[in-house]
Amino acid sequence: MMLRIKRVPTLVSNYQKEETDGAASAVAVQQSGGGCGLNCLRDCCIQGARLPLYAFRKVNQIANEKPLGVPNATDTPVAFLDSLLLGEWEDRVQRGLFRYDVTACETKVIPGECGFIAQLNEGRHLKKRPTEFRVDKVLQPFDDSKFNFTKVGQEEVLFQFEASEHNEAQFIAAAPIDAENSPSVVAINVSPIEYGHVLLIPRILERLPQRIDNESFLLALCMAMEAGNPYFRLGYNSLGAFATINHLHFQAYYLAVPFPLEKAPTEKITTMKSCVNISALLNYPVRGLVFEGGSMVRDLSDAVSDCCICLQDHNIPFNVLIADSGRRIFVVPQCYAEKQALGEVSPELLDTQVNPAVWEISGHMVLKRKKDYDEASEANAWRLLAEVSLSEARFEEVKALIFEAISCDVNENQSLHEPSKLAPNEPLEDVDAAKNGSSSAMIAGNQECVVLQ
């Protein structure tokens with residue numbers, strides 16, 4: 001059974017306005033002294049604006065690990081952050097702020113050991129904002145003339161997301177925007193991949209390029225932990241790894257099944273002095289590292305963000321998945337765009353128009369053609385992701401760079417297992433999986449939140 005949301009008359013958002021229409025509207029409103037007319041997050045409209053504020057409690061310790069599982073009727077109530085995010089997201093659905101109804105997209109689990117998930121989303125590549133920067137440079141300066149998130153309408157922002165000054169979570173329904181301190185915000189993705197698809201934009205008014213730093217990554221990790229829901233994951237795409245907007249942001253959404261990446265076996269490489277364990281992926285088409293543990297939340301956050309900073313500085317594109325409520329983090333360097341530029345990707349794969357970003361690498365294959373969806377198989381998914389992966393030799397070089405950057409020792413005698421070979425090419429029978437609304441499979445949380453008037 002497929003969850004559907006009733007279509008409603010569309011209220012055009014800033015994302016959807018044509019440049020000419022927006023310019024004409026802006027001129028008319030400026031002449032009347034009312035700002036730019038787009039109710040955006042720039043100086044012209046932000047004065048006196050108010051948005052909801054969720055202040056998360058500061059966490060010092062990593063919670064004990066719990067296995068990924070499905071909740072039952074005896075679980076405690078859904079966490080406040082989950083209910084806030086989904087309630088606000090549903091409100092934007094009713095207001096018509098999305099480009100299409102993502103819940104109407106067909107989805108199935110592909111038969112096979114990995115359990116890849118296929119979604120048919122024929123409209124996303126036609127309606128999604130195109131890339132406006134070079135794909136061969138991981139670090140590029142912010143360009144205010146290009147699209148960035150300060151240009152979105154305030155109606156697309158769900159709430160501000162900041163650390164609480166107290167030892168408890170707080171919610172304020174209409175808090176002033178502190179422009180001087182540049183708030184972090186959670187906004188809808190108007191071209192969603194799944195239910196509850198949002199963007200976390202750290203320090204939005206600082207206009208930071210798509211570049212991870214220690215504080216922004218800690219913020220993303222805190223969001224995963226505060227949600228307390230293993231079916232709510234955060235992802236990051238660097239430039240060159242299919243980020244499409246050069247303004248610092250993370251993505252997140254709900255999907256009520258484990259990702260194949262999360263189920264992949266791993267082999268421990270080393271343990272850092274901070275008690276962060278680093279492992280390598282095994283028997284998965286893409287090579288990558290897995291970080292978990294740590295004495296403090298910041299230990300895990302800094303280990304991963306330092307790893308990402310190393311990759312950025314060496315111009316190595318990468319993707320990050322924050323999984324299991326922030327307890328495990330996957331870092332995957334990739335080379336698909338480079339292979340595309342060199343003409344090393346087969347025409348068959350190029351014809352699918354699939355850009356393997358963090359969600360595809362995690363095993364959620366967003367397909368743009370009905371033919372590819374109907375013929376989806378584990379072998380086809382494996383073949384695509386194998387093109388994303390660094391070679392074994394290159395991965396060892398990159399791993400050495402990372403471990404040097406994070407001052408981590410590795411046993412020289414240790415050898416990593418080779419990922420298993422490509423699955424057989426015989427077509428597998430497609431079995432449709434019931435697409436349960438992720439909101440009905442929410443993992444319970446134990447947070448309490450003080451709501452301030």
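Please refer to the structure placed before this passage.
This is a predicted model, so every value here is computed, not measured. (Residues numbered from 1 in each chain as written. Predicted model: local features only at pLDDT ≥ 70, side-chain atom pairs only at ≥ 80, totals over all residues. Heavy atoms only, no water.)

Student: Residue-level account of the pairing of strand E7 (residues 198-201), with values.
Tutor: The side-chain alternation of E7 yields two buried faces, one formed by Val 198 and Leu 200 and the other by Leu 199 and Ile 201. Relative to E7, strand E6 (residues 185-188) runs antiparallel, the two being bridged by 4 bridges. Bridge pairing in E7 links Val 185 to Ile 201. With 3 bridges joining them, E7 and strand E9 (residues 250-254) adopt antiparallel strand pairing. Residue pairing across strands places Leu 200 opposite Phe 250, the latter belonging to E9. (Buried < 20%, exposed > 50% of the residue type's maximum accessible area, 1.4 Å probe, protein only. Helix = DSSP H or I, 4+ residues; strand = E, 2+ residues; numbered from the N terminus. Pairing = 2+ DSSP bridges.)

Student: Kindly report on the nonpolar core, identifying the contributing residues and their values.
Tutor: Ranked by internal contacts, the top residues of the largest apolar core, which has 72 residues, are Phe 161, Leu 234 and Phe 291. Of all the elements, helix H5 (residues 214-227) adds the most residues to this core, at 10 residues. In contact with Phe 291, not counting residues within four places along its chain, are Val 276, Asn 277, Ile 278, Leu 300, Ala 303, Val 304, Cys 307, Arg 327, Arg 328, Ile 329, Val 331 and Ile 406. (Core = buried A, V, L, I, M, F, W, Y, C linked by side-chain atoms within 4.5 Å. Contact = heavy atoms within 4.5 Å.)

Student: Provide a residue-level description of the packing of aromatic side chains, including the pertinent values.
Tutor: The tally for this structure, following the rule as stated, stands at 16 aromatic pairs. Both rings, one in Tyr 54 and one in Phe 159, keep their centres 6.5 Å apart while their planes meet at 55°; by these two values the pair is tilted. Note that Tyr 54 is positioned in strand E1 (residues 50-56) and Phe 159 in strand E4 (residues 157-163), a separation of 105 residues in sequence. Accessibility assignment for this pair places Tyr 54 and Phe 159 in one class, buried. Seen in terms of ring centroids, Phe 232 and Tyr 254 are 4.8 Å apart; in terms of plane orientation they differ by 40°. Their pairing is tilted. (Phe/Tyr/Trp six-rings, centres within 6.5 Å; stacked < 30°, edge-to-face > 60°.)

Student: So, the sheet that holds strand E3 (residues 117-120): which residues are in play, and what are the values?
Tutor: Across a sheet, strands are paired by hydrogen bonds formed along the backbone, either parallel or antiparallel in direction. With mixed pairing, 3 strands are arranged side by side in an open sheet as E2-E3-E15. This sheet does not close on itself; its edge strands, each paired only once, are strand E2 (107-109) and strand E15 (364-367). Sheet twist, expressed as the average angle between the axes of neighbouring strands with direction ignored, equals 20°. In this sheet, E3 lies alongside E2 in antiparallel orientation, the contact comprising 3 bridges. Counted as the bridge partner of Lys 108 is Ala 118 from E3. (Axes fitted to C-alpha atoms, helices over the stretch in contact; angles between N-to-C directions.)

Student: Got a sec to walk through H5? Specific residues and values, please.
Tutor: Taking 1.5 Å as the rise per residue, H5 with 14 residues should run 20 Å; its terminal C-alpha atoms sit 20 Å apart, in good agreement. Taken together, the buried positions of H5 are Ser 216, Phe 217, Leu 218, Leu 219, Ala 220, Leu 221, Cys 222, Met 223, Ala 224, Met 225, Glu 226 and Ala 227. N-cap assignment for H5: the residue whose side-chain oxygen lies 3.0 Å from the backbone N of Glu 215 is Asp 213. Positive backbone phi, approximately 60°, marks Gly 228, located one or two places after H5. (Expected span 1.5 Å × (residues − 1). Polar contact = N/O pair within 3.5 Å; in protein donor to acceptor, adjacent residues only side chain to side chain.)

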